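Below are the chains, spelled out letter by letter.
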Amino acid sequence: MIYVSGRFLLQNLTGVNRFAYELCRAWTQIGIPFVLCCPPGKIRDCYDVSQFHIIVCGWGKSHLWEQLALPFWFCRLKGEKLLLSFTGLGPLLIRRKIMTIHDLAFMANPDWYSFSYRLWYRLMTPLCAATSMKILTVSNFSRSEIMRRLSIKGHKISVVYNAVAPLFYNSEMNSTAANNLEKEKFILAVSSIDPRKNFHTLLKAFAQIRDKSIKLYIVGGQDPIYSTSISELCKDGNSERIKWLGRVSDIELKMYYSNALCFVYPSLYEGFGIPPLEAMACGTPVVVSSIPVLEEICMDAALYADPYDKNDLANKIDMLIDDSHLRMQLIQKGKKRCLTFNWQHSARLLADEVEPFL
């Protein structure tokens, strides 16, 4: 029997948690049986769990539940069983498990994270990886990082790509809200307020773009695991032209994508990067960092900028805003490229990877 750690259901719908949620939804749709085991607590409203088989088990929350309560409950189950963790780590004490490593950003640049976060993951990630039967990751770039930084053999690591939720392909929107957005010219950035997302450079580049009537909308929440904050970033961009929107629903996010002049994603390090694909699905041209993983995911459907050069980033934004032919080219390529990634395809691939261990 397949069990999936459902700890993510008590957390916000971030990129990592979306991977878990969408794979579970896709497994349900294609008829793969599994059980979601969750810690006690309230499931977030952003998740539709009506089709899931959920068992609430154990005690505690967060890492305490995952590393102690879940293994104790799991070992009492009868029959052959396998635990999957889609959001990282997984219980060290469970040997019949498959874990997911989305990226190793905490190793690439520890200063991006709080001391407690990087200490915990620096200790636990190699141990959990060594005791897992299989490791999932979300890009070939991350696979190479895991092999290099953790000395894991390639045959033990499988790539299961992220994809775009069906909602972002749907053209229907709340007309009143959409009409209100259409009245403003803005570019959009979407990500957690995380140092590796490179907001410092984005804000400096935004200050240099030629059309001063354009605004910058930033969607994303803060988390104490990161070593930066909105108040710190406002020193670089405390302007009435910048709107910090925090976390929004997927319906709201789709409206922002669909009405933006362009989407900008100047990240310094990623395991995958879902937002550029979401923007493409909504018919919005994108500017992204010229880093290997985004070149792997976006290919020729994006305009690339040096994430360390505010002048290059500003020039690429200006180029995309001013050149209607380039915009249309990227919109068409983006709509085609995002279709390459499909949650049901990823779910079937995942089922094939899991099958030998059942």
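Heads up: the structure comes first, above all this text.
Now for a description of the structure that goes with this document. (Residues numbered from 1 in each chain as written. Predicted model: local features only at pLDDT ≥ 70, side-chain atom pairs only at ≥ 80, totals over all residues. Heavy atoms only, no water.)

## Side note on the overall build of the protein chain
Here is step 1 of the chain: If you tally the helices and strands in the protein chain, you get 14 helices and 13 strands.
Here is step 2 of the chain: What you see for the protein chain is a C-alpha radius of gyration of 21 Å, in line with the 21 Å of a compact globule of 358 residues.
Here is step 3 of the chain: Taking the principal axes of the C-alpha coordinates as reference, the protein chain spans close to 65 × 40 × 35 Å.
Here is step 4 of the chain: Within the protein chain, buried positions represent 55% of all 358 residues.
Here is step 5 of the chain: Taking the intrachain contacts of the protein chain between residues at least 6 apart in sequence as the baseline, contacts between residues at least 24 apart amount to 69%.
Here is step 6 of the chain: The positive charge centre, built from 41 side chains, and the negative charge centre, built from 33, are 6 Å apart in the protein chain. (Helix = DSSP H or I, 4+ residues; strand = E, 2+ residues; numbered from the N terminus. Rg over C-alpha atoms; globule rule 2.2 N^0.38 Å. Buried < 20%, exposed > 50% of the residue type's maximum accessible area, 1.4 Å probe, protein only. Contact = heavy atoms within 4.5 Å. Lys, Arg positive; Asp, Glu negative; His and termini not counted. Charge placed at Lys NZ, Arg CZ, Asp CG, Glu CD.)

## Examining the side chain of Asn17
Here is step 1 of the chain: Relative to the assigned elements, Asn17 resides in helix H1 (residues 15-30).
Here is step 2 of the chain: Apart from the residues within four sequence positions on either side, Asn17 is in contact with Phe8, Gln11, Asn12, Tyr47 and Thr87.

## Some details on the packing of helix H7 (residues 199-208) against helix H12 (residues 310-322)
Here is step 1 of the chain: It is at 8 Å that the axes of H7 and H12 come closest, and there the two elements cross at 55°. Taken together, the axes of H7 and H12 lie oblique to each other. The element H7 and its partner H12 pack so that their crossing is right-handed. Every residue of H12 that contacts H7 at Thr201, Leu202, Lys204, Ala205 and Gln208 is listed here: Lys310, Asn311, Leu313, Ala314 and Asp318. (Axes fitted to C-alpha atoms, helices over the stretch in contact; angles between N-to-C directions. Parallel < 35°, antiparallel > 145°, perpendicular 65-115°, else oblique. Left-handed = near helix turned anticlockwise from the far one by under 90°.)

## Section: the pattern of salt bridges
Here is step 1 of the chain: The full count for this structure, using the stated rule, is 20 salt bridges.
Here is step 2 of the chain: Close ionic contact of Glu278 with Arg18 constitutes a salt bridge, the shortest N to O distance being 3.7 Å. Of the two residues, Glu278 is situated in helix H10 (residues 275-281) and Arg18 in helix H1; the sequence distance between them amounts to 260 residues.
Here is step 3 of the chain: What makes Arg18 buried here is its relative accessible area of 5%.
Here is step 4 of the chain: A salt bridge links Glu270 to Lys197; its shortest N-O distance comes to 2.5 Å. Of this pair, Glu270 sits in the loop between strand S11 (263-265) and H10 while Lys197 sits in the loop between strand S8 (186-190) and H7, and the two are 73 residues apart along the sequence.
Here is step 5 of the chain: Connected through salt bridges with shared partners, the residues Arg18, Glu22, Arg25, Asp250 and Glu278 form a single ionic network. (Salt bridge = Lys/Arg side-chain N within 4 Å of Asp/Glu carboxyl O.)

## Let's talk about helix H4 (residues 115-130)
Here is step 1 of the chain: Relative to the 22 Å expected for 16 residues at 1.5 Å per residue, H4 spans 23 Å between its end C-alpha atoms, a close match to the ideal helical length.
Here is step 2 of the chain: Met124 marks where H4 bends most, by close to 30°; the proline Pro126 follows one to four residues later.
Here is step 3 of the chain: Those residues of H4 that sit buried are Tyr117, Tyr121, Met124, Thr125, Cys128 and Ala129.
Here is step 4 of the chain: Packing partners of the buried residues in H4 comprise helix H2 (62-75), strand S5 (97-100), helix H3 (105-108), strand S6 (134-137) and helix H5 (140-150). (Expected span 1.5 Å × (residues − 1). Bend = angle between axes of the 7 residues up to and from the residue.)

## With respect to the packing of H1 against helix H14 (residues 343-354)
Geometrically, a packed helix pair is captured by the angle between its two axes and the distance between the axes.
Here is step 1 of the chain: Between H1 and H14, the least distance of the axes is 9 Å, while the angle of their chain directions is 85°. By the angle between their directions, the pair H1 and H14 is classed as roughly perpendicular. The segment H1 lies against H14, with Arg18, Phe19, Glu22, Leu23, Ala26, Trp27, Gln29 and Ile30 engaging Trp343, Gln344, Ser346, Ala347, Arg348, Leu350, Ala351 and Val354.
Here is step 2 of the chain: When grouped by side-chain class, the residues that make up the contact of H1 with H14 number 10 nonpolar, 3 polar and 3 charged. (Nonpolar A, V, L, I, M, F, W, Y, C, P; charged D, E, K, R; others polar.)

## Regarding H5
Here is step 1 of the chain: By the burial criterion, the buried members of H5 are Phe141, Ser142, Glu145, Ile146 and Leu150. End-on view of H5: buried residues confined to an arc of 135°, all on one side of the axis.
Here is step 2 of the chain: On the buried face of H5, the contacting elements are H3, H4, S6, strand S7 (157-159) and helix H11 (292-298).
Here is step 3 of the chain: A positive backbone phi angle near 55° is found at Ser151, which sits one or two residues after H5. (Arc of directions from axis to C-beta.)

## As for the sheet that holds S5
Here is step 1 of the chain: Pairing is parallel across the open sheet formed by 7 strands, whose spatial order is S3-S2-S1-S4-S5-S6-S7. Two strands lie at the open edges of the sheet, namely strand S3 (54-56) and S7, each paired on one side alone. Here the average twist between neighbouring strands, direction ignored, is 25°.
Here is step 2 of the chain: Where S5 lies against S6, 3 bridges are found, and the strand directions are parallel. Paired with Ile98 across the strands is Lys134, a residue of S6.
Here is step 3 of the chain: Sitting on the sheet, H5 is in contact with S6 and S7, with an inclination near 165° to S7.
Here is step 4 of the chain: Along the sheet, H14 contacts strand S1 (2-5), strand S4 (82-84), S5, S6 and S7; its crossing angle with S4, the most-contacted strand, is approximately 145°. (Pairing = 2+ DSSP bridges.)

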